[in-house]
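Understanding the architecture of this molecule
Okay, here's what each chain looks like letter by letter:
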Amino acid sequence: MSTPVQINDLAIVLPAFNEEKDLPNLLVRIKETLVNQTFRYQVIVVDDGSRDRTAELAEAAAKDMPLRLIQHEVNGGLGAALQTGLQAAMHVADAVLVMDSDNTHDPIYAIQMVKRLEMEEAQLVIASRYQPGSQVQGLSIFRKALSLGCFLLMKTVVPFRNVRDYSTGFRCYHSSILKRLAQVYGETKLVEETGFVCMLEVLLKLRTMGISACEIPYILRYDLKEGVSKLRIWRTLKRYLAVVNRYRDKKSEAA
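Conventions adopted
- Residues numbered from 1 in each chain as written.
- Predicted model: local features only at pLDDT ≥ 70, side-chain atom pairs only at ≥ 80, totals over all residues.
- Heavy atoms only, no water.
- Axes fitted to C-alpha atoms, helices over the stretch in contact; angles between N-to-C directions.
- Helix = DSSP H or I, 4+ residues; strand = E, 2+ residues; numbered from the N terminus.
- Parallel < 35°, antiparallel > 145°, perpendicular 65-115°, else oblique.
- Contact = heavy atoms within 4.5 Å.
- Nonpolar A, V, L, I, M, F, W, Y, C, P; charged D, E, K, R; others polar.
- Buried < 20%, exposed > 50% of the residue type's maximum accessible area, 1.4 Å probe, protein only.
- Polar contact = N/O pair within 3.5 Å; in protein donor to acceptor, adjacent residues only side chain to side chain.
- Phe/Tyr/Trp six-rings, centres within 6.5 Å; stacked < 30°, edge-to-face > 60°.
- Lys NZ or Arg CZ within 6 Å of the ring centre and 35° of its normal.

As for the packing of helix α3 (residues 78–89) against helix α7 (residues 198–208)
Packing of α3 against α7 brings their axes to within 9 Å, and their N-to-C directions diverge by 50°. By the angle between their directions, the pair α3 and α7 is classed as oblique. Residue-level inspection shows Leu-78, Gly-79 and Leu-82 of α3 in contact with α7, the latter providing Cys-198, Met-199 and Val-202. Residues belonging to the contact of α3 with α7 are distributed by class as follows: five nonpolar, one polar and no charged.

Now the structure itself:
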């Protein structure tokens, strides 16, 4: 039996682009949920060239909670924001939690994800839409069908043990695997894709390294999102296929 590890510090990475409507509500939920946990937390908001009040609202929140704001002068895409966030977070915390900034992810799941890391059940914990007990609220039937189709494709072409949700942005990484990723690919190339497919890219890179992963069920709340979606479906699908093709034949101990 493995010896439990202690997660003392959690860094929460929030890539954000024009999220003035949703980010403040999420930050309040994080503060209220994690204030008295056994681990310390720090939020890292990466403002990816927003043209609204995202940065201003993050700075205001920093007066009442542990929050660091990193700003990109121009919008580089989700991948660029994720790269900046992961690179900063892995050096200041034992674990790195990545969440969407649009208030669709409930920070209550952070507690369970940290516990799973502490019990050494996995080096990566994924909040999955495809586990028993999971729900997706407020998403169109078309988007649900599209997500299911992508899941079936990934599970067939690039199988990853214990993983069903390949594209979710809700994950908790032990910092040690991000540092290993930096050694293999370079610290400035943790994430090379610029769009939403960056989540798949990071997962498939970790897959080639043979890391262990597990999933927890959760409720995805698109009905709480006030801002508009930034997903460009057909462009994203094209990049999905390109990334899958790039990593499908790479040997993996975790497949």
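Digging into the environment of Ala-16
Along the chain, the position of Ala-16 falls in strand β1 (residues 9–16). Take Ala-16: its relative accessible area is 3%, and that puts it in the buried class. Between the C-alpha atom of Ala-16 and that of Ser-101, which follows or precedes it by 85 residues, the distance is 5.7 Å.

Regarding the side chain of Glu-201
Counting through the fold element by element, Glu-201 comes out in helix α7. A polar contact is formed between the side chain of Glu-201 and the backbone nitrogen of Glu-192, at a distance of 2.8 Å. There is a polar contact of 2.8 Å between the side chain of Glu-201 and the side chain of Lys-205.

Here's the deal with the packing of aromatic side chains
Overall, the coordinates contain three aromatic pairs when judged by the stated rule. An angle of 85° between the planes, with centres 5.8 Å apart, marks the rings of Tyr-109 and Tyr-218 as edge-to-face. You can see Tyr-109 sitting in helix α4 (residues 109–118) and its partner Tyr-218 sitting in the loop between β8 (213–217) and β9 (219–221), a full 109 residues away along the chain. Note on accessibility: Tyr-109 and Tyr-218 belong to one class, buried. Between Phe-170 and Tyr-218, the aromatic rings sit 5.5 Å apart at their centres with planes inclined by 85°, giving edge-to-face as the arrangement. You can see Phe-170 sitting in the loop between α5 (141–157) and β7 (171–174) and its partner Tyr-218 sitting in the loop between β8 and β9, a full 48 residues away along the chain. In this structure an aromatic cluster arises from ring pairing among Tyr-109, Phe-170 and Tyr-218. Positioned above the aromatic ring of Tyr-185, the side-chain terminus of Lys-205 is 4.7 Å from the ring centre.

Function cannot be inferred from these measures alone, as they are strictly geometric.
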